Amino acid sequence: MPRVFVALRPPQEEVARLDDFLDVRRDAAPFSWTDAEQFHLTLAFLPDVPEHRLDDLVEAVAAAAGRRDRFDLCLGGGGAFPDPARAKVMWVGLRTDEHADQELQALAAGVRGSAAHSGAQVDGQRFRPHVTVARCGRPTPLDRWVRLLDGYSGAFWSAEEVEVIASYLGEGPHGRARHEVLARLPLGDLGPSPSL
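Everything numeric in this text was worked out from a predicted model, so none of it was measured. (Residues numbered from 1 in each chain as written. Predicted model: local features only at pLDDT ≥ 70, side-chain atom pairs only at ≥ 80, totals over all residues. Heavy atoms only, no water.)

What am I meant to see in the packing of aromatic side chains here?
The relative placement of two aromatic rings is captured by the distance of their centres and the angle of their planes. Summed over the entire model, instances satisfying the criterion amount to five aromatic pairs. Their ring planes at 35° and their centres at 5.4 Å tell us that Phe81 and Trp91 sit as a pair that is tilted. Highlighted residues: Phe81 in strand 4 (residues 71–81) and Trp91 in strand 5 (residues 87–95), separated in sequence by 10 residues. Residue class for Trp91 comes out buried when judged on its relative accessible area of 13%. Linked through ring pairs, Phe31, Trp33 and Trp145 together constitute an aromatic cluster. Across from the ring centre of Phe21, 4.1 Å away, lies the NZ or CZ of Arg25, which sits over that ring. (Phe/Tyr/Trp six-rings, centres within 6.5 Å; stacked < 30°, edge-to-face > 60°. Helix = DSSP H or I, 4+ residues; strand = E, 2+ residues; numbered from the N terminus. Buried < 20%, exposed > 50% of the residue type's maximum accessible area, 1.4 Å probe, protein only. Lys NZ or Arg CZ within 6 Å of the ring centre and 35° of its normal.)

Whenever I open this one, the environment of Tyr168 confuses me. Can you help?
Here Tyr168 shows up in strand 8 (residues 161–168). Taking the relative accessible area as the measure of exposure, Tyr168 reaches 21% and is therefore partly exposed. As a C-alpha pair, Tyr168 and Asp123 span 45 residues in sequence and 17 Å in three-dimensional space. Non-local contacts of Tyr168, meaning those with residues more than four positions away in its chain, are made with Pro2, Arg176, Ala177, Arg178 and Glu180. (Contact = heavy atoms within 4.5 Å.)

So what exactly am I meant to see when it comes to the sheet that holds strand 7 (residues 157–159) here?
The pairing of strands in a sheet comes from backbone hydrogen bonds and takes either a parallel or an antiparallel form. Strand order in the open sheet formed by five strands is 2-6-5-4-7, with antiparallel pairing between adjacent strands. The open sheet has two free edges, formed respectively by strand 2 (32–33) and strand 7, since each of these has just one partner strand. Two strands pair when backbone bridges link them, and strand 2 and strand 6 (residues 131–140) are joined in this way by two bridges, in the antiparallel orientation. Looking across to strand 6, one finds that Trp33 is bridged to Ala134. Lying over the sheet, helix 3 (residues 98–117) contacts strand 4 and strand 5, oriented at roughly 75° with respect to strand 4. (Pairing = 2+ DSSP bridges. Axes fitted to C-alpha atoms, helices over the stretch in contact; angles between N-to-C directions.)

Written out as structure tokens, the structure reads:
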């Protein structure tokens, strides 16, 4: 059974902009840096989805995405989980206006609810929009790094689709996860159901 997540993916130019910002700093710390092609904003994480449920999942997520308006957002600011003083994950946040924030929250809630209704197990953690840029093997003070990321700001882009992505642990480069896009589903479109 694959691990699956539903995500918004920044456009290539914003991925490249963030990657360039991080690239000149990566040698300064021995973190496990996220590969740029895997930058994404997770809306829902589904730890295990039976193969026979994938079509139902995609159909449910398509319906949830179709009920939401497109919105603009940009990557900016930074943070760390569980907190900057003893972090294991470093991330870049989002800058949005009130409309975009409401749409993003409603999209995440809709995707999670629809995924659960389709029979998928949904991770129950609170939705905190972010793009993971690095992981630490043990709790590490990242206050200085978070301050650095607070100064980062990308350009605004339009969220127009969500992706349903399967993640295969250990099958990617350097023993990392390999991601496979199962479906790209437009926001604000209640057209025919997609197929895998």
